[in-house]
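Spelled out from the first residue to the last, the chains are:
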Amino acid sequence: MSLADRNQHIAPFYVMDLLARAKQLEAEGRDIVHLEIGEPDFSAPQPVVEAMRDALAQGITHYTPALGLPELRAAIADFYQRRYGVDVPAAQVAVTPGASGALQLICGALINAGDRVLMADPGYPCNRHFVRLFGGREWSVPVGPESRYQLTAAEIRAVIKGASAAELAQIKAVFVASPSNPTGTLLSQGELADIHALCQERGWWLVVDEIYNGLIYQVQEHTAAGYGLDDESRTAVVNSFSKYFGMTGLRLGWCVLPNTLCNAVERQAQNLFLSPSTPAQYGALQAFSGETAAILESRRQAFEARRDYLLPAIRELGFDVPVEPQGAFYLYADSTAFGEDSFALCEMLLDQAGVALTPGLDFGEHRNRQHLRFAYTREIPVLEEAVARLRRYL
Ligand SMILES: Cc1ncc(COP(=O)(O)O)c(C=O)c1O
């Protein structure tokens with residue numbers, strides 16, 4: 001069949017094989033604890049659900065402008081002011097079909113064939129595929145505990161030092177995520193500012209994925225949106241209603257962009273998506289209310305308590321988590337104490353212990369067979385059951 005060559009460069013999620021196996025085991029009557037799932041177990045907050053229901057009842061099911069409802073863009077801009085004290089004009093907020101939509105639109109607007117994008121390995125796997133879809137190529141930089149699994153300015157400088165002039169000329173952008181998936185670790189405000197300064201020096205774009213902002217434990221949250229206001233800043237900030245707001249299936253995210261990029265993204269969005277989901281946008285208008293904020297804060301505390309339980313528990317089992325993750329809902333664990341193939345280990349743990357985890361293979365190539373990811377997207381008693389099963393088996 002004459003499909004496009006690019007299909008060869010889009011890898012599947014390995015965890016899907018495990019999920020299929022888990023489903024099969026469940027159909028046979030086995031009980032499986034799912035710690036592989038990268039979405040909150042909490043569903044959309046009630047005020048959001050009610051606002052969506054009202055919108056649907058009123059027949060509000062038509063397209064909105066491509067960059068979203070003006071009142072939602074204004075509410076997001078206002079959120080930056082209230083939460084971070086950062087001025088973001090509503091005109092520079094684009095509402096998108098999830099952070100995924102934002103990342104694709106940004107790639108579509110930035111990437112030429114042959115462009116390279118620096119990103120951390122391990123990291124969110126879809127980013128390299130988005131870049132490849134537009135004819136670019138990722139430049140994966142191996143990161144480890146030394147930099148808390150984050151891509152730092154020092155690591156980027158090391159890349160620059162080792163690259164030829166021709167290679168350097170291909171670099172168009174740096175993608176970072178803080179907190180990161182799969183590691184849950186953060187870039188500090190200073191580290192992010194250093195990366196931004198380096199990008200400015202080189203004329204590169206900086207794309208900062210802040211989808212796990214809000215789910216931050218014991219440290220101060222910050223945003224790169226303060227860099228993103230004029231064209232010279234060359235910074236795009238991506239966020240979403242999926243994780244902190246618990247609205248994964250509603251498919252709604254946003255990005256904050258400099259004007260020229262925002263205009264390009266608008267043209268792409270008009271053509272690719274026409275508009276983000278209208279009922280979801282009406283729901284999202286309630287995502288910033290005081291009532292919702294209280295619900296989200298109690299969920300954040302629940303995630304923190306889960307982390308505080310699960311981190312020492314898996315360390316005690318023999319998994320090595322050298323850096324304490326301060327965000328998201330992931331623990332990225334070195335599993336070498338149990339062999340050199342974390343994919344085989346995940347298969348065994350699923351089959352023998354009834355615990356589903358995500359293999360490192362899904363997040364890049366660097367030491368991927370030595371790591372796996374725990375998602376603490378289940379209540380503490382379920383986490384306790386998982387730990388008990390793992391202890392018995394291991
Ligand atoms: C780092 C990161 N960015 C983006 C996404 C995409 O999220 P969504 O499209 O649901 O907003 C995810 C989802 O897991 C993620 O982990």
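These numbers were taken from a predicted model, which means no experiment stands behind them. (Residues numbered from 1 in each chain as written. Predicted model: local features only at pLDDT ≥ 70, side-chain atom pairs only at ≥ 80, totals over all residues. Heavy atoms only, no water.)

Here's the deal with unusual backbone geometry
- Of note, the amide linkage connecting Asp121 to Pro122 takes the cis form, showing an omega dihedral of 10 degrees.
- By the element assignment, Pro122 lies in the loop between strand S3 (116–121) and helix H5 (126–133).
- Cis geometry marks the peptide bond from Asn181 to Pro182; its omega dihedral reads 20 degrees.
- Mapped onto the elements of the fold, Pro182 is located in the loop between strand S5 (171–177) and helix H8 (189–202).
- Its identity as a non-glycine residue notwithstanding, Arg234 has a phi of 45 degrees, on the positive side.
- With respect to the helices and strands, Arg234 occurs in the loop between strand S6 (205–209) and strand S7 (235–240). (Helix = DSSP H or I, 4+ residues; strand = E, 2+ residues; numbered from the N terminus.)

Quick look at the sheet that holds strand S12 (residues 371–375)
- If you trace the 3 strands from one edge of the open sheet to the other, you get S9-S12-S11, paired in antiparallel fashion. Every other strand in the sheet has two partners, leaving strand S9 (330–334) and strand S11 (358–359) as the edge strands with one partner each.
- Strands in contact with helix H11 (residues 290–317) are S9 and S12; relative to S9, the strand with the most contacts, it is inclined by about 5 degrees. (Pairing = 2+ DSSP bridges. Contact = heavy atoms within 4.5 Å. Axes fitted to C-alpha atoms, helices over the stretch in contact; angles between N-to-C directions.)

Observations concerning the site of the ligand
- Taken together, Gly98, Ala99, Ser100, Tyr124, Asn181, Asp209, Ile211, Tyr212, Ser240, Ser242, Lys243 and Arg251 make up the full set of residues near the ligand.
- One nitrogen or oxygen atom from the main chain of Ala99 is found 2.7 Å from an oxygen atom belonging to the ligand.
- Contact between the ligand and Asp209: a nitrogen atom at 2.6 Å from a side-chain N or O atom of the residue.
- Notes on the ligand: free accessible area 400 Å², of which the protein chains cover 92%.
- With respect to the detected pockets, the ligand is housed in the largest pocket.
- Considering every element that reaches the shell around the ligand, the biggest residue donor is helix H4 (residues 98–110), with 3 residues.
- Grouping the constituent residues of the shell around the ligand by class yields 4 nonpolar, 5 polar and 3 charged. (Near = heavy atom within 4 Å. Polar contact = N/O pair within 3.5 Å; in protein donor to acceptor, adjacent residues only side chain to side chain. Areas by Shrake-Rupley, 256 points an atom, 1.4 Å probe, with all protein chains shown as cover. 1 Å grid on protein atoms, 1.4 Å probe; cavity = no way out; pocket = protein on both sides within 12 Å on 5 of 7 lines; lining within 4 Å. Sits in = over half its atoms within 2 Å of the grid points. Nonpolar A, V, L, I, M, F, W, Y, C, P; charged D, E, K, R; others polar.)

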